[in-house]
Amino acid sequence: MGYAGEFELLTMLAIAQLADEAYGVTIREVLETRTSRTVTLGAIYKTLGRLEAKGLLDVTVAPPTGERGGRRKKLYRLNPDGLAAVRGSLSDLRQLAEGLEPELEVQ
Amino acid sequence: MSRRTSGPPALVRWLLRLLLPASEREFYLGDLEESGRRSWAGEVASVVALRLGSRTRLAGTGRAGGLSFRVEELRTDVRLGLRRLLRSPAATFTVLTALSVGIGLSALMFSLIDGALLPSLPFAAGERIVRVQRVEGARLSAEAFQYWMARQSSFEGLGAWVERMVNVTIDGERSEPVEGAALTATALPLLSVQPDLGRLFTEEDAGPGASAVVLVGHEIWRTRLNGDPDVLGRTVRLNGEPAEIIGVMPEGFGFPMNQQLWTPLHLDALRPDRNPGSLSVFGVLRAAVPIRIAASELNDLDGQRPRTTTEAYPVPVVVKEFTDIINPPGRSQLLAGIMLGVAFLVLLVACANATNVLLAQAAVRSREVAVRAALGASRARIATQFWIEVSMLALLGAAGGVLLAAVGVKLVRNAVPPWLAPFWFDIRIDVRVLAFVAAGAVVAAMLAGITPALHASRGNAHDLLKDAARGTSSRRLGPLMGRLVRVEMAVSFVLLVAAGLFVRSAVNVRRIDLPFNAEGVYIARVRLPDAQYPGASDRAALIERLEDVLTSIPAASSATIATGMPGFGGWRRPVAVEGVDDPADPDLQDTRYFAVSPDYFSMFGSSALAGRTFDSRDDEAGLPVAVVNQAFARKRFPDGAVGRRVAFPADARGAEWLTIVGVVPDLLAGGLDRELEEAVYRPMAQDPPASFQLAVRSGTAATAMAASIREAVAGVDPDVALFEMNTMEASIRSANTVYAWFSALFLLAGALALFLAAIGLYGVMAFHVARRTREIGVRMALGGGRGTILRFVLRQGMAQIATGLVAGILLAVPVAWLLRAGLLDVRPFDPLVFGSVLGVLLVAGWSGCMMPALRATRVDPQVALAAE
């Protein structure tokens, strides 16, 4: 298992937040509302493609809806490998940040 | 009524489809649609980045690509380019003007074509909505319509309408005329349009014994009904008859043209004794059924329909796009093609011009290039520098072009009177136009930039430095610049010939010799309220009194009343000729029909060619009579018309036979476009109409008559409304503004091309003279007189112009031939047009050469020789 990049980690966290409803639009919503960034679908798709290739995501295709102009959507879930990757990355982050709380103003 | 849905614009969708891998496309586009309005540019850019791989910066990932070196280079080039552009303001200005004009005109033409010439109706099935007509506007009967309705398979459905002017009275206010249409119940559902309030018509509304209902337009609802939300169920009076409002149509809806009032069309009641009109028919084609197939099906059905006549009826059916309103069918496409061609040619001249200026610059800069090359700049690097400069010019030019086009669009919108513009006209600069302009800028940059860039980067540093030292680089560029001048001249010639031909057409409209004297004539239209004048005798009495008061206006020398004045076109009615036609045939040929008062012919200086015109004998009690015009007599009675009989089965009195008592000259019965010129005139007393025109001739200024006429009419009945009051000449002309429109367009394009070509020529000649100062100095030092030098420079310039003009003539001939369908009374090879264009271009070319040539003669040999 490789390392997850920062945006990959954010994307996986967003997918975890969304449980069964994670696809392009909702992932972007979560990223944009919970972080301070503006994200394009292109960036999300690129990252999702990479995560899929690394075998960290399970993908299912949901039936079309009217608001999508009759197009289907791809739903993503973290698989056990994906969950492990998130856990690993987060613990790396925590360990690295340990002791820096006063400077980083992290509670 | 919104044309676009909320998803990404078509251009964005198209780009994404192109860029995205097939496996991801559906999901991505779905997400995009679902997430609503966004910065589309950002989305497209991120997908481009996705496709290009990870080297570029990917928005949101924070990863920097490895392109920083190239970006730095680019920045330097842009800075350098800007500095250069500012250092030679004249050249920059010329190139910018040329490109702005070229791109601006292209964008304007594109907007016009897209919004006015070839738009589709703003409905779901817009592109499949078609008109069904008979050739040359011949009559389309209710029988034929119903026969098709029952049997056709090419259309999702057919609808029909009859246009009518309606006097609308709301709450007893003064009644006002409104353009309305009676529609079949099928019509509005076919358009899939929903009312803002209330409901559409049902089959029952058009059935026998149904109570009168009406749909009103948004405009009427807002202005005359004060936007009343409880308007449903209110009663208004239409031509005096009460009708209940059942719905309000959405804003901007004006089907079929710009109507604001709709009533159910009683097809079964459209009996010959009820309605003189012909149906207008439209349909929605089934998906993938071509127009051609639909037309041939209707023609086949016509052939199977039981016939009652021996003549070769019915007239063939044509099917064409609904918005294609210029006759004949296909004319709109032709005009669109012409307009795009014109825009392209102007863009071509603009690019040639820009290229020439840039070439001249390149020549001047050859030393700079040589130094850079000697210092180790690669060819690619030098060419890139030129490209960047040109691209910056193109971008600025495109911006200027959009600005010019925006101004043009505004002017055009102001120039089209609202009553002339159908409801689907939507002239504006939209995304597609912007895309078109962007493409124009790229093309312009490529065309204008490629040659100087190649030239600048060609050859080795040594040669370039040598050239620069001797000033000989102009010799290498000279032939190319000369060729470009020839191209400009040739294209300008073609454009100006086209412009000239259209200007002549427009002048012809203005100059059409009216075959009658319209001077000092004031006209107005009158629609009698049906309820107050229900019977023929009521109307006859009123018309007689109106005639009396009008002729007794002190300043009036004569006055007349008729259903149509000369030059306006009369009603179309199917006519039966005794012994030839069966009056019961539903597909009789149309003629123009006029009911006129006895003074009609004498007022317009016309008298009988055979037999007599009308007089006091021809009253209600007299023998039913008619007078026909020459066109009618020639077509239907080659052996003499007087004494023969005709009938109008659609007449209120049924198929009464009318005896022809006279033949009169043609009085533009078909209007200025001379469509259907055959006419039959009846004495007004024998068929008094409810709607007519009145005309008063006066020695005094016609405008002064307006008040007198109003006063006189109000004295007879204050409830009789007068509308469309104007001088006769102005009214006739205003109906024929199309040619003026197009001639203005072409004249503008031609003038721009000429302007650009003249600037270009001047620039090139000035450049030549400047570069050859040394040679001229030598010639003068060796004893060449001023005249010799002048001739020397002029000869060279005029030789280029002459070959350019010859090429122009050769090109203009086929172009003029293609244009012939759009011209009015002008031969495509009109010698006046060709001659004057030739003259104008020669003069422009000559003066372009002359100024630099004169400057050359003022060269002081000593200064010239020291010039290096």
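Quick note: structure is the one above.
Residues numbered from 1 in each chain as written. Chains lettered and ligands numbered in written order. Predicted model: local features only at pLDDT ≥ 70, side-chain atom pairs only at ≥ 80, totals over all residues.

Caption draft 1: Structural view of the overall build of chain B. When helices and strands are counted, chain B shows 25 helices and 22 strands. By the burial criterion, 44% of the 868 residues in chain B qualify as buried. A sequence separation of at least 24 residues applies to 83% of the contacts in chain B between residues at least 6 apart. (Helix = DSSP H or I, 4+ residues; strand = E, 2+ residues; numbered from the N terminus. Buried ≥ 20, exposed ≤ 12 C-beta atoms within 10 Å, placed from the backbone. Contact = placed C-beta atoms within 7 Å.)

Caption draft 2: Expanded view of the overall build of chain A. Counting its secondary structure elements, chain A contains 5 helices and 2 strands. When the helices and strands of chain A are placed in sequence order, the string is α-α-α-β-β-α-α. Within chain A, contacts between residues separated by at least 24 positions form 46% of all contacts whose residues are at least 6 apart in sequence.

Caption draft 3: Here's a closer look at the environment of Arg-134 of chain B. All names here are of chain B. Here Arg-134 shows up in strand β1 (residues 129-134). With 22 C-beta atoms counted inside 10 Å, the residue Arg-134 sits in the buried group. Along the backbone, Arg-134 and Val-318 are 184 residues apart, and their C-alpha atoms lie at a distance of 5.8 Å. What Arg-134 contacts, discounting residues up to four positions off in sequence, is Arg-139, Leu-140, Val-315, Pro-316 and Val-317.

Caption draft 4: Representation of the interface of chain B and chain A in the model. On the side of chain A, 20 residues touch chain B, which itself brings 22 residues to the contact. When residues of the side of chain B that touches chain A are traced back to their parent elements, those giving at least two are α2 (22-34) and α3 (40-52) of chain B. In terms of residue count, the dominant contributor to the side of chain B that touches chain A is α2 of chain B (10 residues). For the side of chain B that touches chain A, the residue count by class is 9 nonpolar, 7 polar and 6 charged. (Nonpolar A, V, L, I, M, F, W, Y, C, P; charged D, E, K, R; others polar.)

Caption draft 5: Highlighting the pairing of strand β1 (residues 57-65) of chain A. Residue and element names in this part refer to chain A. Where β1 lies against strand β2 (residues 71-78), 7 bridges are found, and the strand directions are antiparallel. Across the sheet, residue Leu-57 finds its bridge partner in β2, namely Leu-78. Hairpin connection of β1 to β2: 5 residues between the antiparallel strands, including Gly-69 at a positive phi of 60°. (Pairing = 2+ DSSP bridges.)

Caption draft 6: Representation of the nonpolar core in the model. All names here are of chain B. Counting 105 residues, the largest nonpolar core has Val-342, Val-346, Leu-495, Val-497, Ala-498 and Ala-753 as its most contacted members. Of the domains in this structure, domain 2 (67-119 + 332-468) and domain 4 (471-512 + 737-865) are the two that each give at least three residues to this core. Contacts of Ala-753, omitting those with residues within four sequence positions, involve Leu-345, Val-346, Val-349, Val-491, Ser-492 and Leu-495. Membership of the second largest hydrophobic core comes to 63 residues, among which are Ala-518, Val-627, Phe-692 and Ile-709. (Core = buried A, V, L, I, M, F, W, Y, C linked by C-beta atoms within 7 Å. Domains from an automatic or database assignment.)

Caption draft 7: Inspection of helix α6 (residues 142-151) of chain B at higher detail. Residue and element names in this part refer to chain B. All of the buried residues along α6 are Ala-142, Ala-144, Phe-145 and Trp-148. Buried residues of α6, viewed axially, fall in a sector of 160°; they line one side. In this structure, the buried residues of α6 make contact with β2 (155-169), β9 (280-285) and α9 (291-304). (Arc of directions from axis to C-beta.)

Caption draft 8: Structural view of the pairing of strand β17 (residues 625-629) of chain B. Residues and elements named next belong to chain B. Where burial is concerned, most of β17 is hidden: 5 out of the 5 residues are buried. By the alternation rule, side chains of β17 split into Val-625, Val-627 and Asn-629 and Ala-626 and Val-628, which are all buried. Across 5 bridges, the pairing between β17 and strand β19 (residues 657-664) is parallel. Opposite Asn-629, over in β19, you have Val-664 as the bridge partner. In this sheet, strand β20 (residues 679-683) lies alongside β17 in antiparallel orientation, the contact comprising 2 bridges. In the strand pairing of β20, Val-628 is matched with Val-680.

Caption draft 9: Structural view of unusual backbone geometry. Across the junction of Phe-255 of chain B and Pro-256 of chain B, the peptide omega takes the value 0°, indicating a cis bond. Within the fold, Pro-256 of chain B resides in the loop between β7 (241-248) and β8 (261-264). Although it is not a glycine, Ala-19 of chain A adopts a positive phi angle of roughly 50°. Tracing the sequence through the fold places Ala-19 of chain A in the loop between α1 (6-18) and α2 (24-34). The phi dihedral of Leu-668 of chain B falls on the positive side, at around 50°, and the residue is not glycine.

Caption draft 10: Main features of the packing of α1 of chain A against helix α4 (residues 80-97) of chain A. All names here are of chain A. Packing of α1 against α4 leaves a shortest axis separation of 10 Å and a crossing angle of 120°. Taken together, α1 and α4 sit at an angle that is classed as oblique. Relative to α4, the crossing made by α1 is left-handed. Contact residues: Leu-9, Met-12, Leu-13 and Ala-16 in α1; Gly-82, Ala-85, Val-86 and Ser-89 in α4. (Axes fitted to C-alpha atoms, helices over the stretch in contact; angles between N-to-C directions. Parallel < 35°, antiparallel > 145°, perpendicular 65-115°, else oblique. Left-handed = near helix turned anticlockwise from the far one by under 90°.)

Caption draft 11: View of the environment of Gly-804 of chain B. As for its placement among the helices and strands, Gly-804 of chain B is situated in helix α23 (residues 786-819). Sequence-wise, Gly-804 of chain B and Phe-493 of chain B are 311 residues apart; in three dimensions their C-alpha atoms are separated by 8.8 Å.

Caption draft 12: Seen up close, the environment of Thr-186 of chain B. Residues and elements named next belong to chain B. Here Thr-186 lies in the loop between β3 (176-183) and α7 (187-191). Given 19 C-beta atoms within a 10 Å radius, Thr-186 is considered partly exposed. Along the backbone, Thr-186 and Ala-160 are 26 residues apart, and their C-alpha atoms lie at a distance of 8.1 Å.

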